[in-house]
Amino acid sequence: MRFDVLTLFPEMFPGYLGQSLLNLAIQRGLVEVNLHNIRDWAKGKHKNVDDRPFGGGPGMVLSPEPVVECVEAVQQLGDSPGRVVLLTPGGRTFNQRVAEEFSDAQRLVLLCGRYEGFDQRVIDILQPDELSIGDFVLNGGEVAAMVVIDAVVRLVPGVLGDEQSNKQDSFSSGNRLLEFAQYTRPREYRGHEVPEVLLGGNHPAIAEWRKQNSLERTRQRRGDLLDQGDPTKTSADETNESSAVD
Ligand code: 6GU
């Protein structure tokens, strides 16, 4: 899978991209991340990429020309154009469902904003998928782009090694339960003991303990996940079941 990241701050990425799982995926050729500096498409002596908003107000707005021209040039690279994703607090909220959908793509073009945002013509012309990572405001889309890459890369076949591991993840299709508590050695630490059932080899009992622990944690922390029906099924599963009965 190929990612192209368009940003005014490409230096923010190499530290993150060099990190273990992602670095390994890149080394194995499963994932490719190309960084592009929007400023390289700015014209004039000062290479300006932003300007004051028409109508007044604080901050600066990213100009349409360098952004649109950067996206168009980047789309010419590679075998086929990618899906354009613009990272903005005003976008639809990213979640595991969206990560699953993106992991089916061959190529994603991630457009990171700064300042007070993009000139609206960028959106009108490129018609990107506008995406937010949650209800809070970041200084720019770079960290959000890393979040999207991180979540999507885990779903690319071969990246995790064990293909089962992401199917069981919380929030993946078919699982709306939080993870159960995990323990390793020592058996006792500062008076806190590992639950007895995990120490014996009774695997059905261990599976039952883990299921109950997941349910209990989900009830305590994220009751909203349990209000949506069977937490081990997707809403699509439930729709199919009821139509099968009809
Ligand atoms: Cl994608 N960008 C910015 N600047 N802030 C955000 C965000 C994105 N998602 C949540 N907050």
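Since this is a predicted model, take the numbers as computed values, not measurements.

Visitor: Which residues make up the overall build of the chain, and what are the values?
Guide: Within the chain one finds 10 helices and 9 strands. Radius of gyration (C-alpha) of the chain: 22 Å, far over the 18 Å computed for a compact globule of 246 residues. Referenced to the eigenvectors of the C-alpha coordinate spread, the extents of the chain come out at roughly 70 × 50 × 40 Å. Out of the 246 residues in the chain, the part that is buried amounts to 40%. Restricting to contacts in the chain with at least 6 residues of sequence separation, those with at least 24 account for 73%. Taken as two groups, the 26 positive and 37 negative side-chain charges of the chain have centres that lie 5 Å from each other.

Visitor: How would you explain the domain arrangement of the chain if you had to name every residue and give the values?
Guide: We note that the domain assignment places domain 1 (2–153) and domain 2 (174–245) within the chain. A separation of 36 Å is found between the C-alpha centroids of domain 1 and domain 2.

Visitor: So what's going on with the site of the ligand? Which residues, and what values?
Guide: All residues in the neighbourhood of the ligand are listed as Leu-87, Thr-88, Pro-89, Leu-131, Ser-132, Ile-133, Gly-134, Phe-136, Leu-138, Gly-140 and Ala-144. For the ligand, a nitrogen atom lies 3.0 Å from a polar atom in the backbone of Leu-138. For the ligand, whose accessible area on its own is 290 Å², the fraction buried by protein is 96%. When residues of the shell around the ligand are traced back to their parent elements, those giving at least two are strand E5 (83–93) and strand E7 (129–132). At 3 residues, E5 tops the list of elements feeding residues into the shell around the ligand. Tallied by class, residues from the shell around the ligand come to 7 nonpolar, 4 polar and no charged.

Visitor: Give a description of the pattern of salt bridges that names residues and reports values.
Guide: Under the criterion given, the structure shown has 13 salt bridges. A salt bridge links Asp-119 to Arg-121; the nearest nitrogen and oxygen atoms lie 2.6 Å apart. Owing to a relative accessible area of 14%, Asp-119 belongs among the buried residues under this scheme. For Arg-121, a relative accessible area of 45% corresponds to the partly exposed category. Beyond isolated ion pairs, a larger network of salt bridges with shared partners links Arg-2, Asp-4, Glu-32 and Arg-107.

Visitor: Could you give an account of helix H4 (residues 96–103), with specific residues and numbers?
Guide: Every buried residue belonging to H4 is among Gln-96, Val-98, Ala-99, Phe-102 and Ser-103, and all of these are buried. The arc enclosing the buried residues of H4, seen along the axis, measures out at 155 degrees, which places them on a common side. If you follow the buried residues of H4, they end up packed against E5, strand E6 (107–112), E7 and helix H6 (142–153). The N-cap residue of H4 is Asn-95: its side-chain oxygen and the backbone nitrogen of Arg-97 are 3.0 Å apart.

Parameters at a glance
- Residues numbered from 1 in each chain as written.
- Predicted model: local features only at pLDDT ≥ 70, side-chain atom pairs only at ≥ 80, totals over all residues.
- Heavy atoms only, no water.
- Helix = DSSP H or I, 4+ residues; strand = E, 2+ residues; numbered from the N terminus.
- Rg over C-alpha atoms; globule rule 2.2 N^0.38 Å.
- Buried < 20%, exposed > 50% of the residue type's maximum accessible area, 1.4 Å probe, protein only.
- Contact = heavy atoms within 4.5 Å.
- Lys, Arg positive; Asp, Glu negative; His and termini not counted.
- Charge placed at Lys NZ, Arg CZ, Asp CG, Glu CD.
- Domains from an automatic or database assignment.
- Near = heavy atom within 4 Å.
- Polar contact = N/O pair within 3.5 Å; in protein donor to acceptor, adjacent residues only side chain to side chain.
- Areas by Shrake-Rupley, 256 points an atom, 1.4 Å probe, with all protein chains shown as cover.
- Nonpolar A, V, L, I, M, F, W, Y, C, P; charged D, E, K, R; others polar.
- Salt bridge = Lys/Arg side-chain N within 4 Å of Asp/Glu carboxyl O.
- Arc of directions from axis to C-beta.

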